Amino acid sequence: MLFLIAFVGAAVVALVLWKAMNTAQPDGAPPPRRQYTGPTRPRPRVSGPDDDAEFLRQLDEKVRKRDDPTA
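Residues numbered from 1 in each chain as written. Predicted model: local features only at pLDDT ≥ 70, side-chain atom pairs only at ≥ 80, totals over all residues. Heavy atoms only, no water.

Some thoughts on the overall build of the protein chain
Then, number 1: Each helix and strand in the protein chain was counted, giving two helices and zero strands.
Then, number 2: Working note: accessible area of the protein chain is about 7600 Å², and carbon and sulfur atoms make up 63% of it. (Helix = DSSP H or I, 4+ residues; strand = E, 2+ residues; numbered from the N terminus. Areas by Shrake-Rupley, 256 points an atom, 1.4 Å probe, with all protein chains shown as cover.)

Following this line, the structure appears as structure tokens:
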């Protein structure tokens, strides 16, 4: 029962703090939006190691050396 009371109390405190922080405009108007600055440069595509052919070749060689009983 104590956990339930603590949870409700924490929720009330969080709600009050959230409401207090969101009242930046005294008239209740939403905050102004950022202006559109135009198109941005496309971000470079990041490829993971499983997309890299050289990495996969080296990995295959390591596995073959490890599994080769003659080595």
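Considerations on a nonpolar patch on the surface
Then, number 1: On the surface, Met1, Leu4, Ile5, Phe7, Val8, Val12 and Val16 cluster together into a nonpolar patch covering about 770 Å² of accessible area.
Then, number 2: Tracing the sequence through the fold places isoleucine 5 in helix H1 (residues 2–21).
Then, number 3: The exposed category is assigned to isoleucine 5, whose relative accessible area is 53%. (Patch = residues over 30% accessible without salt bridge, like charges linked within 9 Å, V, L, I, M, F, W, Y side chains within 5 Å. Salt bridge = Lys/Arg side-chain N within 4 Å of Asp/Glu carboxyl O. Buried < 20%, exposed > 50% of the residue type's maximum accessible area, 1.4 Å probe, protein only.)

A closer look at the pattern of salt bridges
Then, number 1: Under the counting rule described, the total for this entry stands at four salt bridges.
Then, number 2: Across the pair glutamate 61 and arginine 57 runs a salt bridge, and its minimum N-O distance is 2.5 Å. Of this pair, glutamate 61 and arginine 57 are both found in helix H2 (residues 53–67), four residues apart, which corresponds to roughly one turn of the helix.
Then, number 3: A salt bridge links arginine 66 to aspartate 67, with the nearest nitrogen and oxygen atoms 3.5 Å apart.

Quick look at H1
Then, number 1: With 20 residues, H1 extends 28 Å between its outermost C-alpha atoms, agreeing within 8% with the 28 Å of an ideal straight helix rising 1.5 Å per residue.
Then, number 2: Where burial is concerned, little of H1 is hidden: zero out of the 20 residues are buried. (Expected span 1.5 Å × (residues − 1).)

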